[in-house]
Amino acid sequence: MDLFSFSVDRCFGFAYNIHMEGEIDMKIYEAMIADLPSVKNIVHTAINDIYPHYYPVGAVEFFLAHHCDENIIKDITAGNVFLLSDENGTPVGTVSVVHNEITRLFVLPEYQGKGYGGMLIRFAEERIAESFDSIIIDASFSAKQIYLKKGYVPVKYNTIKCNGGDYLCYDVMIKKLR
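Residues numbered from 1 in each chain as written. Predicted model: local features only at pLDDT ≥ 70, side-chain atom pairs only at ≥ 80, totals over all residues. Heavy atoms only, no water.

1. Some details on the packing of aromatic side chains
A ring pair, where both rings are aromatic, is described by two values, the distance of the centres and the angle of the planes. This is how the line gets drawn: Here a pair means two rings of Phe, Tyr or Trp (six-membered ring of Trp) with centres within 6.5 Å. Their orientation is stacked below 30 degrees between planes, edge-to-face above 60, and tilted elsewhere. Helix numbering and strand numbering both begin at the N terminus, where a helix is a DSSP run of H or I of at least 4 residues and a strand a DSSP run of E of at least 2. Buried, partly exposed and exposed residues are distinguished by accessible area as a fraction of the type maximum, computed with a 1.4 Å probe on protein chains only: under 20%, between the cut-offs, and over 50%, respectively. We count a charge as sitting over a ring when the NZ of a lysine or the CZ of an arginine lies within 6 Å of the ring centre and within 35 degrees of the ring normal.
Considering all chains together, one arrives at eight aromatic pairs under this definition. Here the aromatic rings of Tyr51 and Phe63 are separated by 4.4 Å at their centres, their planes lie at 80 degrees, and the arrangement is edge-to-face. Of this pair, Tyr51 sits in the loop between helix H1 (36-50) and helix H2 (57-66) while Phe63 sits in helix H2, placing them twelve residues apart in sequence. Across the pair, exposure class does not vary: Tyr51 and Phe63 are buried alike. With centroids separated by 6.1 Å and ring planes inclined at 45 degrees, the aromatic side chains of Tyr51 and Phe106 adopt a geometry described as tilted. Of the two residues, Tyr51 is situated in the loop between H1 and H2 and Phe106 in strand S6 (residues 101-107); the sequence distance between them amounts to 55 residues. Across the pair, Phe106 and Tyr51 agree in class, each one buried. Within the aromatic cluster, the residues linked to one another by ring pairs are Tyr51, Tyr55, Phe63, Phe106 and Phe141. Over the ring of Tyr111 we find Lys114, and its NZ or CZ is 5.8 Å from the ring centre.

Following this line, the structure appears as structure tokens:
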């Protein structure tokens, strides 16, 4: 099942060149330990810029702590983290794929609304479709509408109590592939 609406050429290792008709070329590639600063910068910049509009301080702090060096390194070491670079080779987005779950999908704020997140979602869906019949994602308030438009269905609502009595709320969403 090819979920890409643009062509993707599998290159050396886990790098994918993305060619969009009439547009720029980008690359999605597997992150290495040396990419930790780029991954963390993308994640923390997006959280600090976007999440305070949707969540209280305690929940934003929870997100930042959850996406710490140790957790990112664990996922990089397992081969689960990918970076999206623009035509200049600048990392602008990241996604992690763990079994049939999409996690840690973030795009730098200045690149949001330009299709980069959609490319990362399609990339992750394609990888998952190779081995699984469905995809799971924990959707933040800020991303829920995006996933609904892409065919994901909420199946569970969760809350986590954070520092200061704040709550982090999110939906577990599933998309059936076949």
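2. Concerning the pattern of salt bridges
For clarity, the cut-off: A pairing counts as a salt bridge when a side-chain nitrogen of Lys or Arg comes within 4 Å of a carboxyl oxygen of Asp or Glu.
In this structure the tally under the stated criterion is five salt bridges. Ionic pairing is found between Asp75 and Arg104, a salt bridge with its closest N-O pair at 3.0 Å. Remark: Arg104 occurs in strand S6 and Asp75 occurs in helix H3 (residues 69-77); sequence separation between them is 29 residues. On the accessibility criterion, Asp75 (13% relative accessible area) is buried.

3. Looking at the nonpolar core
Stated formally: What we call a nonpolar core is a set of buried Ala, Val, Leu, Ile, Met, Phe, Trp, Tyr and Cys residues that are connected through their side-chain atoms within 4.5 Å. Here, residues are in contact when the closest pair of their heavy atoms is within 4.5 Å.
Of all hydrophobic cores here, the largest spans 52 residues; its most connected members are Ile47, Tyr51, Val95, Ile102, Tyr116, Tyr147 and Tyr152. Broken down by element, the residue count for this core peaks at eight residues, all from helix H4 (residues 116-129). Setting aside chain neighbours within four positions, we find Tyr147 in contact with Leu105, Ile121, Ile137, Ala139, Tyr152 and Met173.

4. Considerations on the packing of H1 against H3
For clarity, the threshold we go by: Here the axes come from fitting lines to C-alpha atoms, over the contacting stretch only for helices, and the angles between their N-to-C directions go from 0 to 180 degrees. Angle categories: roughly parallel below 35 degrees, roughly antiparallel above 145, roughly perpendicular from 65 to 115, and oblique for all the rest. Crossing handedness follows the turn of the near helix against the far one: under a right angle anticlockwise gives a left-handed crossing, and clockwise gives a right-handed one.
Their axes nearest at 10 Å, the elements H1 and H3 cross at an angle of 120 degrees. By the angle class used here, H1 and H3 are oblique. Both H1 and H3 take part in a crossing whose hand is right-handed. Seen from H1, the contacting residues are Leu36, Val39 and Lys40; seen from H3, they are Asp69, Ile72, Ile73 and Ile76.

5. Side note on the packing of H1 against H2
Filter applied, for reference: Side-chain classes are defined by residue name, with Ala, Val, Leu, Ile, Met, Phe, Trp, Tyr, Cys and Pro counting as nonpolar, Asp, Glu, Lys and Arg as charged, and the others, Gly among them, as polar.
Contact geometry for H1 and H2: axes closest at 10 Å, N-to-C directions at 175 degrees. Taken together, H1 and H2 sit at an angle that is classed as roughly antiparallel. Along its contact with H1, which presents His44, Ile47 and Asn48, the element H2 presents Val60, Phe63 and Leu64. Its residues placed into classes, the contact of H1 with H2 shows four nonpolar, two polar and no charged.

Note that all results are geometric; they support no functional claim without further evidence.
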